[in-house]
Amino acid sequence: MNVVMTGSEFLTVFAAASTAPLIIAVPTRLASRYGPMFGLTPSPVPLDLDITSVSMIWSAQSDRDPASHGCGQD
(Lines give C-alpha, C1' and ligand atoms only; values in the text may rest on other atoms or scores of the structure.)
Protein backbone atom coordinates (compact mmCIF):
# COMPACT_ATOMS: atom_id res chain seq x y z
CA MET A 1 0.00 0.00 0.00
CA ASN A 2 1.35 3.43 -0.95
CA VAL A 3 0.17 6.78 0.35
CA VAL A 4 -0.18 8.95 -2.73
CA MET A 5 -1.97 11.91 -1.22
CA THR A 6 -2.95 13.54 2.03
CA GLY A 7 -5.29 16.43 2.52
CA SER A 8 -6.37 18.74 5.29
CA GLU A 9 -9.75 19.32 3.64
CA PHE A 10 -11.85 16.18 3.40
CA LEU A 11 -13.84 17.37 0.39
CA THR A 12 -10.60 17.64 -1.60
CA VAL A 13 -9.85 14.01 -0.78
CA PHE A 14 -13.34 12.93 -1.88
CA ALA A 15 -12.98 14.89 -5.12
CA ALA A 16 -9.60 13.28 -5.86
CA ALA A 17 -10.97 9.78 -5.22
CA SER A 18 -13.91 10.44 -7.51
CA THR A 19 -11.56 11.09 -10.46
CA ALA A 20 -8.65 8.72 -9.79
CA PRO A 21 -8.21 5.06 -8.82
CA LEU A 22 -7.73 5.74 -5.11
CA ILE A 23 -8.91 4.30 -1.83
CA ILE A 24 -9.43 6.93 0.85
CA ALA A 25 -9.67 6.50 4.59
CA VAL A 26 -12.01 8.93 6.32
CA PRO A 27 -14.24 8.71 9.38
CA THR A 28 -17.36 6.57 8.85
CA ARG A 29 -19.72 9.51 9.32
CA LEU A 30 -18.02 11.49 6.56
CA ALA A 31 -17.87 8.48 4.24
CA SER A 32 -21.58 7.76 4.67
CA ARG A 33 -22.66 11.36 4.22
CA TYR A 34 -20.36 12.66 1.49
CA GLY A 35 -19.18 9.54 -0.35
CA PRO A 36 -22.38 9.10 -2.38
CA MET A 37 -22.32 12.79 -3.37
CA PHE A 38 -19.04 12.06 -5.16
CA GLY A 39 -20.17 8.72 -6.60
CA LEU A 40 -18.13 6.79 -4.03
CA THR A 41 -19.27 3.69 -2.16
CA PRO A 42 -18.39 3.59 1.56
CA SER A 43 -17.17 0.29 2.98
CA PRO A 44 -15.19 -0.79 6.06
CA VAL A 45 -11.40 -0.50 5.90
CA PRO A 46 -10.09 -3.92 4.76
CA LEU A 47 -6.99 -3.60 6.95
CA ASP A 48 -6.24 -4.15 10.60
CA LEU A 49 -5.30 -0.63 11.63
CA ASP A 50 -3.61 0.03 14.93
CA ILE A 51 -4.68 3.63 15.46
CA THR A 52 -3.25 5.42 18.46
CA SER A 53 -4.88 8.21 20.41
CA VAL A 54 -4.48 11.75 19.12
CA SER A 55 -3.78 14.62 21.51
CA MET A 56 -3.39 18.34 21.06
CA ILE A 57 -1.05 20.55 23.03
CA TRP A 58 -0.93 24.34 22.98
CA SER A 59 0.29 27.17 25.15
CA ALA A 60 -1.72 28.71 27.98
CA GLN A 61 -1.84 31.96 25.97
CA SER A 62 -3.48 30.11 23.06
CA ASP A 63 -5.96 28.54 25.46
CA ARG A 64 -7.57 31.96 25.97
CA ASP A 65 -8.21 32.20 22.22
CA PRO A 66 -11.82 31.12 21.44
CA ALA A 67 -10.58 29.60 18.16
CA SER A 68 -8.64 27.01 20.19
CA HIS A 69 -11.94 25.60 21.40
CA GLY A 70 -13.56 25.12 17.96
CA CYS A 71 -15.43 22.07 16.70
CA GLY A 72 -18.77 23.62 17.66
CA GLN A 73 -18.58 22.32 21.21
CA ASP A 74 -19.15 24.54 24.22
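Below is a summary of the structure that appears in this document.

### Here's the deal with the overall build of the protein
- In terms of regular secondary structure, the protein is built from 3 helices and 0 strands.
- A burial count over the protein gives 9% of its 74 residues as buried.
- In the protein, once contacts between residues fewer than 6 apart in sequence are set aside, the share between residues at least 24 apart is 16%.
- Split by element, the accessible area of the protein, about 6,800 Å² in all, is 56% carbon and sulfur.

### Considering a nonpolar patch on the surface
- Taken together, the side chains of Val45, Leu47, Leu49 and Ile51 define a hydrophobic patch exposed on the protein surface, amounting to about 390 Å² of accessible area.
- Tracing the chain through its elements places valine 45 in the loop between helix H2 (28–34) and helix H3 (60–63).
- On the basis of relative accessible area, valine 45 is assigned to the partly exposed category, the value being 45%.

### Observations regarding helix H1 (residues 10–19)
- All of the buried residues along H1 are Val13, Phe14, Ala16 and Ala17. Each buried residue of H1 sits inside an arc of 165° when the element is viewed along its axis, so together they form one side.
- On its buried face, H1 is in contact with H2.

### Observations concerning the environment of valine 13
- Along the chain, valine 13 turns up in helix H1.
- Since its relative accessible area comes to 14%, valine 13 is described here as buried.
- Each C-alpha atom, one on valine 13 and one on isoleucine 24, is 7.3 Å from the other, the two residues being 11 residues apart in sequence.
- When near neighbours in sequence (up to four residues on either side) are disregarded, valine 13 contacts Met5, Gly7 and Ile24.

Calculation notes
Residues numbered from 1 in each chain as written. Predicted model: local features only at pLDDT ≥ 70, side-chain atom pairs only at ≥ 80, totals over all residues. Heavy atoms only, no water. Helix = DSSP H or I, 4+ residues; strand = E, 2+ residues; numbered from the N terminus. Buried < 20%, exposed > 50% of the residue type's maximum accessible area, 1.4 Å probe, protein only. Contact = heavy atoms within 4.5 Å. Areas by Shrake-Rupley, 256 points an atom, 1.4 Å probe, with all protein chains shown as cover. Patch = residues over 30% accessible without salt bridge, like charges linked within 9 Å, V, L, I, M, F, W, Y side chains within 5 Å. Salt bridge = Lys/Arg side-chain N within 4 Å of Asp/Glu carboxyl O. Arc of directions from axis to C-beta.

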